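# Descriptive analysis of the structure
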Amino acid sequence: MSNSQTASELKRKTIAGVHDVQLYIGGQFMEAESGEQFENISPFTREKINRVASGGEEDIHKAALAAKKAFKGEWGKMKQSERLQYVYKIADLIDEHTEELAPLESYDTGLPLSITKKMVSRASQNFRFYAEMVSSRMVGKAYQVDDEFLNYTIHKPVGVAGLITPWNAPFMLETWKIAPALATGNTVILKPAEWSPLTANKLAEIIDQAGLPDGVFNVVHGFGESAGASLVAHEDVNLISFTGETATGSEIMKNGADALKRFSMELGGKSPIIVFEDADFERAIDACTWGIFSFNGERCTANSRLYIHEDIADSFIAALKERVDNIRVGDPLDDRTQVGPLIHKNHYDNVTSYLKLAKQEGCDVYRGDVPEEFKQGNFVPPTLLLNADNSMRVVQEEIFGPVLAVMTFKDEEEVIELANDVRYGLAGYVWTKDIQRGHRVAQAVDAGMLWINSQNVRDLRTPFGGAKHSGIGREGGYYAFEFYTEMQVIHVALGDHRIPQFGKK
Ligand code: NAD
């Protein structure tokens, strides 16, 4: 069978498994109270995929009551070891459904199958990792105070966790939040992005199959302004973990202020890749190309600003152009595809408006091709914005597509200033063989996560998050406990310490 036949066969099977999507509340699949639905549209054909129940305030309220009841009841009272067995069970069930989940995610989002396969395996790892972390690393500290006191800390779950997620890596990002939230003992209401509802629904089916007590895990699909905003405002929702655009994050913080919500904010990025003249040329090209064009460029940590040392700029740009010419753009369900269509027509319009702007701002726009047979989808081919500079909007603003702004620099001091001259600070990449310079520059870039001579390889134990307008707080590893648990300190008197005796005669 040829690859395109395999892709059509896979698509046929995937489509056959897709049905209209309902909310999942209190252990039941149900329509929204209002009966409203919205259409989910294919990024590849712009045709309708299915209809999705559009949750609103009443549905969030129902989910909050169910989640609160479960927290106060069976889940809250369950032994940690028993709770973690459920978390492991979810991981096993995800693995059993990998063959189904990856194509479903590709069909829904336009992400190439080679990427969604990796994301699904990361999803089950998220659950296993947090089950292990909670049993082995969620430990308190003990403080001896002379011989008089013993003070110790414990971690307690916070309560009902509201998780709001984007469409760019839906299944992986949802599980990245759900796993620590459940493993630490909270109950969950997930509000997935409206443009990518399919795998969130599949996850509800999987978690239902895992047999968690009713109300521990709930999914309310719907729009940000209705379902999302109601979740943020609900008084029984104790924390909000949000991943999405910076502007949405700040709106959410305003809306949650009255209820004094606990927030974790994973926001936008415009991350630099800095390539010095002594870098390993071929590996730097590989990393730069992968870092911006993988995930269709819809990646928060994408290296969307390239600063290349002027001594190697001509040859580096020539090599990048060659890569751009040869990247395989196509059907997300074809295993060979490297770049697929963008998630939605609105996002496509936004990204293409930046390409027009780039020309107006004086860039030379160099683009790859989209094969004729795929022109119906939201395709933006890999694109280089040559002759860019930091004063341009296309360099300052997050485009979130396969678009790389290319700039040159003369020396270390200049490039640090250029790299930091944006409001974002999520990630950064430095390429040099000079080990001292590598560390120096990485430490001088104002961002949450830096890589030296490396592409974006993640270790789940390390803190994940951004500086400046890219976020507040860290998730990942032990750091997730600071957010998903309440730390309590218990002070124990070991003897009869002095207590002032007010009013005693
Ligand atoms: P978005 O902000 O438009 O939407 C994210 C989620 O927020 C969706 O579920 C949406 O329905 C919801 N939402 C929108 N308005 C809301 C409101 N007023 N109240 C509550 N919820 C609301 O983001 P997006 O377009 O889905 O995702 C792309 C963005 O996410 C990019 O900026 C990208 O950089 C960012 N991102 C960041 C990280 C990170 O870890 N820092 C990871 C992935 C994506």
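This is a predicted model, so every value here is computed, not measured.

### Side note on the overall build of the chain
Along the chain, the regular secondary structure elements total 17 helices and 22 strands. Computed over C-alpha atoms, the radius of gyration of the chain comes to 24 Å, within 12% of the 23 Å expected from 2.2 N^0.38 for 505 residues, which places it in the range of a compact globule. When burial is assessed residue by residue, the chain has 57% of its 505 residues classed as buried. Summarising the internal contacts of the chain: among those between residues at least 6 apart in sequence, 74% fall at separations of at least 24. Element-wise, carbon and sulfur atoms account for 49% of the exposed surface of the chain, whose accessible area totals about 21800 Å².

### Looking at the packing of aromatic side chains
Under the definition given, this model contains 17 aromatic pairs. Pairing Y24 with F29 gives two aromatic rings, centres 4.6 Å apart and planes at 40°, and the pair type is tilted. Residue Y24 is classed as buried on the basis of its relative accessible area, which comes to 5%. Residue classification places F29 among the partly exposed residues on the basis of a relative accessible area of 29%. Ring plane angle 45° and centroid distance 4.9 Å describe the contact between F38 and F223, whose orientation is recorded as tilted. Residue F38 is found in strand β3 (residues 37–41), and its partner F223 is found in the loop between β9 (217–219) and α9 (224–233); the two are separated by 185 residues along the sequence. When its relative accessible area of 7% is taken as the criterion, F38 is described as buried. Here F223 falls in the partly exposed class, since its relative accessible area comes to 32%. Each member of the aromatic cluster is reached from another via a ring pair, and the members are F129, Y130, W176 and F464. The ring of Y348 has R46 lying over it, and the distance from NZ or CZ to the ring centre is 5.0 Å. Note that R437 overlies the ring of F276, its terminal NZ or CZ placed 3.9 Å from the centroid.

### Structural notes on unusual backbone geometry
Not every positive phi belongs to a glycine, and R46 is a case in point at roughly 60°. Assignment of secondary structure puts R46 in the loop between β3 and β4 (48–53). In this structure R46 comes out as partly exposed when scored by relative accessible area, which is 32%. Backbone geometry places N387, a non-glycine residue, at a positive phi of 55°.

### Some thoughts on helix α11 (residues 281–293)
Helix length check: α11, at 13 residues, gives a terminal C-alpha distance of 18 Å against a target of 18 Å (1.5 Å per residue), a fit within 8%. Those residues of α11 that fall on the buried side of the exposure criterion are A284, I285, A287, C288, T289, G291, I292 and F293. The elements touched by buried residues of α11 are β12 (272–275), β13 (305–309), α12 (313–326), β15 (383–386), β16 (403–409) and β18 (427–431). Of the residues trailing α11, F295 is marked for its positive phi of about 55°.

### Things to note about the site of the ligand
Neighbouring the ligand are 29 residues; K191, E194, T248, L267 and E398 lie closest to it. The backbone of L267 places a nitrogen or oxygen atom 2.7 Å from a nitrogen atom of the ligand. Burial of the ligand by the protein amounts to 92% of the accessible area it has alone, namely 850 Å². Classifying every residue of the shell around the ligand gives 14 nonpolar, nine polar and six charged. When residues of the shell around the ligand are sorted by domain, at least three fall in each of domain 1 (10–267 + 470–489) and domain 2 (272–452).

### Comments concerning the side chain of T246
Residue position: T246 is located in helix α10 (residues 246–256). A residue is classified by how much of its surface remains accessible, and T246, at 9% relative accessible area, is buried. Of the polar contacts made by the side chain of T246, one reaches the backbone oxygen of H469; its length is 2.9 Å. If near-sequence neighbours (up to four positions away) are discounted, T246 is found in contact with L267, G268, R423, Y424 and H469.

### Examining the nonpolar core
Counting residues in hydrophobic clusters, the biggest one holds 97 residues, and the most contacted among them are I94, F217, V275 and L306. For this core, the element with the most residues is helix α6 (residues 113–137), which contributes nine residues. Beyond its immediate stretch of four places on either side in the chain, L306 contacts I273, V275, C288, F316, L320, L404, A405, V406 and M407. Counting residues in each nonpolar core, the second largest holds 31 residues, with Y354, V415, V445 and A447 among its members.

### Notes on the sheet that holds strand β22 (residues 485–493)
With antiparallel pairing, three strands are arranged side by side in an open sheet as β5-β6-β22. The sheet is open, and its two edges are formed by β5 (142–145) and β22, each paired on a single side. Taken over all neighbouring pairs, the strand axes of this sheet differ in orientation by 20° on average, direction set aside. Bridge analysis of strand β6 (residues 149–157) against β22 gives nine bridges, and the strand direction is antiparallel. Note that in β22 the partner of Y152 across the bridge is I490.

### Brief notes about the confidence of the model for the chain
Residues with a pLDDT of 70 or more make up 99% of the chain, whose mean pLDDT is 97. Between the elements of the chain, mean pLDDT differs from a low of 84, seen in helix α1 (residues 3–17), to a high of 99, seen in β12.

### A look at the pattern of salt bridges
Evaluated as defined, the whole model comprises 23 salt bridges. Residues E9 and R12 are paired through a salt bridge, measuring 3.1 Å at the closest nitrogen-oxygen approach. In this pair, E9 and R12 are both assigned in helix α1, three residues apart and thus about one turn of the helix distant. Here R437 and D278 are joined by a salt bridge, their closest N and O atoms 3.0 Å apart. Of this pair, R437 sits in helix α16 (residues 435–444) while D278 sits in the loop between β12 and α11; the two residues are 159 residues apart in sequence, bridging distant segments of the chain.

Criteria and cut-off values
Per-chain numbering applies: the sequence of each chain, read as written, is numbered from 1 onward. The model is predicted, so local features are restricted to residues of pLDDT at least 70 and side-chain atom pairs to those at 80 or more, both for listing and for counting; the totals for chains, interfaces and linings are taken over all residues. The side-chain figures draw on all heavy atoms in the structure; neither hydrogens nor water molecules are used. Each helix is a run of H or I in the DSSP string that is no shorter than four residues. Each strand is a run of E no shorter than two, and both are numbered from the N terminus. Between the two quantities, the radius of gyration covers C-alpha atoms and the globule rule is 2.2 Å times the number of residues to the power 0.38. Three exposure classes are used, based on accessible area relative to the maximum for each residue type with a 1.4 Å probe and protein chains only: buried under 20%, partly exposed in between, and exposed over 50%. In this analysis, two residues are considered to be in contact whenever any of their non-hydrogen atoms come within 4.5 Å of each other. Surface exposure here means Shrake-Rupley accessible area, sampled with a 1.4 Å probe, where a residue is shielded only by the protein chains that are shown. By convention, a stacked pair of Phe, Tyr or Trp rings (six-membered ring in the case of Trp) has centres within 6.5 Å and planes under 30 degrees apart, an edge-to-face pair has planes over 60 apart, and any other such pair is tilted. Only when the NZ of Lys or the CZ of Arg is both within 6 Å of the ring centre and within 35 degrees of the ring normal is a charge said to sit over the ring. An expected span of 1.5 Å times one less than the residue number is assigned to each helix. By convention in this text, a residue qualifies as near a molecule or strand provided that one of its non-hydrogen atoms is within 4 Å of it. Definition of a polar contact: a pair of N or O atoms within 3.5 Å, with one able to donate and the other able to accept a hydrogen when the atoms are protein atoms, and with sequence-neighbouring residues admitted only if both atoms are side-chain atoms. Gly counts as polar in this scheme, as do all residues outside two lists: the nonpolar Ala, Val, Leu, Ile, Met, Phe, Trp, Tyr, Cys and Pro, and the charged Asp, Glu, Lys and Arg. For every domain, the bounds stem from an assignment made automatically or drawn from a database. For the purposes of this section, nonpolar cores are sets of buried Ala, Val, Leu, Ile, Met, Phe, Trp, Tyr and Cys residues that join through side-chain atoms within 4.5 Å. By this definition, two strands are paired if DSSP reports at least two bridges between them. Axis lines are fitted through C-alpha atoms, for helices just across the contact stretch, and the angle between N-to-C directions can take any value from 0 to 180 degrees. Note: pLDDT gives the predictor's confidence per residue, expressed from 0 to 100. For salt bridges, the criterion is a side-chain nitrogen of Lys or Arg within 4 Å of an Asp or Glu carboxyl oxygen.

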